[in-house]
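Structural overview for review
Given next are the chains, with one letter for each unit.
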Amino acid sequence: MRVLRSFGPLLLGFLFGAPAVAHATINVMATTEDLAAITREVGGDRVKVDFIARGYQDPHFVEAKPSFILKLAKADLLVAVGRELELGWLPPLIQQSRNAKIQVGADGYLDASLTAKILEIPTGQITRAMGDVHPLGNPHYWLDPENGRRIAAGIRDRLAKRSPADASYFADRYADFDKRLALAEKRWDAQMAPYKGLRIVTYHRSWPNFCERFGLDVVGYVEPKPGIPPSPSHTLELMQEMKRLGVKIVLVEPYFDLKTPNSIGRETGAKVVVLAPSVGAEKEITDYLRLFDYDVNLVISAIKETGAR
Ligand SMILES: [Zn+2]
């Protein structure tokens, strides 16, 4: 009887000419934990998702391990941040995977930035003197929940293309994610509303989308230029500017040395806050919505602590 029960669907499938398992699992590799988390939201049990960069790592610099090549070799779909964020490490991994499906331009390569709102697209000529400026705009765009929604839509469409039989499943999952995200956005917007226009400083240019969305005004960076480590003269200038403007918050990504931010904090009375740039940056940040729960709560408690307005 037990045997019959488990073979029943298979038998039915055989009789009606349809395979018992109509839904193949799509193997997805994401370059970051954020993209992996959003893919899981949309893909549900029809995808198997793995990722390369961990949420607490600097996504500009990732060690290209052989294990990544093996995983990429088996992937049906590669979801990348794009905008040259992974320029230093992803192209050789893709090449060495020898997987035709996920080469740039193939159906199995998805540049998640193509459906997102991108800030800081430089106009005019880019020179080396400008530092590590991304010529295609700021690649840290997933830090606005509206872009999370747009990334999810891009993933939904690509998964449906790969597995048309599951298109409505992916559409339903997307609609559910969209609904939960919209509810959470109302909460985050309400929490942040009293602090519109608050001036802050950040270490790297990781937060333009986050700050635009939640009304924070970034007036300076610990890095003198993107990707360039702090220098004494720039730090001095920054501290003078912070004192002049009354800046009380310095946001730092978890992968930067806290030495300079801490001395800036001591000198100016500002609070140094290590914010999570990605899902997985902290144990409790297990999905895309929790990323904003974590960051919004941390920013607000820092504002309250410092009395910054
Ligand atoms: Zn960057």
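For the structure, see preceding data.
Okay, so let's go over this structure. (Residues numbered from 1 in each chain as written. Predicted model: local features only at pLDDT ≥ 70, side-chain atom pairs only at ≥ 80, totals over all residues. Heavy atoms only, no water.)

**Let's talk about the coordination of the zinc ion**
Around the zinc ion, the protein contributes the donor atoms His60 (NE2), His140 (NE2) and His204 (NE2), which lie 2.1 to 2.2 Å from the metal centre. Expressed as a motif, the donor residue spacing for the zinc ion is H-x79-H-x63-H. Placement of His60 in the loop between strand 2 (47-53) and helix 3 (66-73) and of His204 in the loop between strand 5 (199-202) and helix 7 (208-214) is noted, with a sequence separation of 144 residues between them. In this structure, His60 and His204 share a single accessibility class: buried. (Donors = N, O, S within 2.8 Å, 3.2 Å for Na, K, Ca; no water. Helix = DSSP H or I, 4+ residues; strand = E, 2+ residues; numbered from the N terminus. Buried < 20%, exposed > 50% of the residue type's maximum accessible area, 1.4 Å probe, protein only.)

**A few points about the sheet that holds strand 3 (residues 77-80)**
The parallel open sheet is built from four strands, whose spatial order is 2-1-3-4. Lying at the two open borders of the sheet, with one neighbouring strand each, are strand 2 and strand 4 (109-111). Averaged over all pairs of adjacent strands, the angle between their axes in this sheet comes to 20°, without regard to strand direction. Judged from the six bridges that link them, strand 1 (residues 26-32) and strand 2 form a sheet pairing that is parallel. Residue pairing in the sheet places Asn27 in a bridge with Lys48 of strand 2. Those strands touched by helix 2 (residues 33-43) are strand 1, strand 2 and strand 3, and its axis lies near 170° from that of strand 2. (Pairing = 2+ DSSP bridges. Axes fitted to C-alpha atoms, helices over the stretch in contact; angles between N-to-C directions. Contact = heavy atoms within 4.5 Å.)

**Some details on the packing of aromatic side chains**
Inspection of every chain in the model, using the stated rule, returns 11 aromatic pairs. Aromatic pair Tyr169 and Phe170: ring centres 5.7 Å apart, planes at 65°, arrangement edge-to-face. With respect to burial, Tyr169 and Phe170 carry one shared label: buried. For the pair Phe214 and Phe292, a centre-to-centre distance of 6.5 Å together with 55° between the ring planes defines the contact as tilted. Linking Phe214 in helix 7 with Phe292 in helix 10 (residues 288-306), this pair joins segments that are 78 residues apart in sequence. Each member of the pair, Phe214 as well as Phe292, carries the same accessibility label: buried. The rings of Phe177, Trp188, Trp207, Phe210, Phe214, Tyr288 and Phe292 are connected pair by pair, giving a single aromatic cluster. Above the face of the Tyr169 ring, Arg46 is positioned so that its terminal group lies 3.8 Å from the ring centre. (Phe/Tyr/Trp six-rings, centres within 6.5 Å; stacked < 30°, edge-to-face > 60°. Lys NZ or Arg CZ within 6 Å of the ring centre and 35° of its normal.)

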